[in-house]
Amino acid sequence: MPRFAANLSMLFTEFEFTERFAHARNAGFEGVEYLFPYPYQKEQLASLLKDHGLTQVLFNLPPGDWDAGERGIACLPDRVAEFREGVDQAIEYARALDCRQVNCLAGLRPPSLSEEDAWQTLQANVSYAAEKLSAEGITLCLEAINSRVDMPGFVLDTSGKVLALMEAVDADNVRLQYDLYHMQIMEGDLIRSMECLLPWIGHIQFADNPGRHQPGTGEINFSNVFAAIDRLDYDGWVSAEYRPSGDTGASLGWLEG
Ligand SMILES: O=C(O)C(=O)[C@@H](O)CO
Ligand SMILES: [Mg+2]
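Residues numbered from 1 in each chain as written. Chains lettered and ligands numbered in written order. Predicted model: local features only at pLDDT ≥ 70, side-chain atom pairs only at ≥ 80, totals over all residues.

Under an unreviewed UniProt entry, the name given to the protein chain is Hydroxypyruvate isomerase, and the organism recorded is Marinobacter suaedae. If you open the UniProt record of the protein chain and go to Sequence similarities (unreviewed entry), you find "Belongs to the hyi family." (UniProt positions renumbered as here; feature names shortened; annotations may be inferred.)

Around ligand 1 sit Leu35, Asn60, Asn103, Leu105, Glu143, Ile145, Asp179, His182, Gln205 and Glu241, and that is every residue in its neighbourhood. Classifying every residue of the shell around ligand 1 by side-chain character gives 3 nonpolar, 4 polar and 3 charged. (Near = placed C-beta within 6 Å. Nonpolar A, V, L, I, M, F, W, Y, C, P; charged D, E, K, R; others polar.)

The next thing to look at is the sheet that holds strand E3 (residues 55–60). Here we have 8 strands rolled up into a closed barrel, ordered E1-E2-E3-E4-E5-E6-E7-E8, and parallel in their pairing. Each strand of the sheet is rotated relative to its neighbour by a mean of 30°, with strand direction disregarded. Relative to E3, strand E2 (residues 31–33) is paired through 3 bridges, and the arrangement is parallel. Across the sheet, the residue bridging to Glu33 is Leu58, located in E3. Each of strand E4 (101–104), strand E5 (139–143) and strand E6 (174–179) touches helix H4 (residues 115–134); the most contacted strand, E5, lies at about 150° to it. (Pairing = 2+ DSSP bridges. Helix = DSSP H or I, 4+ residues; strand = E, 2+ residues; numbered from the N terminus. Axes fitted to C-alpha atoms, helices over the stretch in contact; angles between N-to-C directions. Contact = placed C-beta atoms within 7 Å.)

The two faces of E4 match: Gln101 and Asn103 on one face and Val102 and Cys104 on the other face are all buried. Judged from the 2 bridges that link them, E3 and E4 form a sheet pairing that is parallel. Counted as the bridge partner of Asn60 is Asn103 from E4. You can see the chain leave E3, run along helix H3 (residues 80–97) and come back into E4, and the turn it takes is right-handed. As paired elements, E4 and E5 share 4 bridges and run parallel to each other. Its bridge partner being in E5, Asn103 is matched across the sheet by Cys141. Considered for its hand, the β-α-β crossover made up of E4, H4 and E5 is right-handed. (Buried ≥ 20, exposed ≤ 12 C-beta atoms within 10 Å, placed from the backbone. Right-handed = clockwise from strand over helix to strand, strands pointing away.)

Structure follows, in C-alpha cells:
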C-alpha cells in the first residue's frame, strides 16, 4: 500500500486540533498534514509531532484571508509583498517542523484582473518562492484545484496549467500536487494521468467524488488507484484529505487494503 498521511484539517475533527495528532498515530498514520500551522506556536507543533512519532508531510503558504473566502494570493499583483512575507513565515515553520514540502495556493482571479496579469504575477511569485525554498531544501508544490464545484475562479484548475507554470518557472524544486478528488472532477482518467504525470508529481491527496468523503462513498475505484500508485515508482506521501461521512474512525476501512 502507498505511504498514507492524514490531513488533520479534515480528519479527526471530532477532536480538538492538538488532540488529532495522537488519534492519527493510533489509527496507524506516520505522517500528517493540515492547511495552516500559523495559528499555533511552531514549538508546540514540533513537540506534538515528536511526541507521537509523526512526520509533517506538507502545509500551505499563508493564503490571505481564508475565512473571508480568499484561497491564496499568489496571482494577485497588489499582494506581492504579503506573499513574500508569507514565504519567510512558511520557511520558519518548515524548519521547526522539519517539513520538506509546502503548497502554494494560486488564488481566485477577481473579474477585474486579466488572465494575463494574474498569470504573470503567479509566475513571478512562484519563481521567487521556489528560489527561497530551494536554499532550504524544500519543495514547492502547486495544486490543481477544481473550479467546477469547490473553488470557482481558482487560477490553477488543471494539471496542464500547473505543468505550463512549472515549465515557465523552470526550477528543480517545484512539483505538481495531484489531488485525485479535484482531478476526477476536472479531468478523470486518473490512473493513466498519474502514470503520465509521475515525473512532475511531488505529492498526492485523495477523497472520493462526489461528496469529498472517504473511499467507497463515490465513483473512484480506490483499490485500483492505490494498486496503480504502488506499481508506479512514486516515493512520496499519499494524504487522506476527505471529510468523513460520519465518525473518522469508522471511515478508515480503506487503510486495511
Ligand atoms: O483543498 C485542497 O484540496 C487542499 O489540498 C488544500 O490544502 C488547499 O490546498
Ligand atoms: Mg488537496
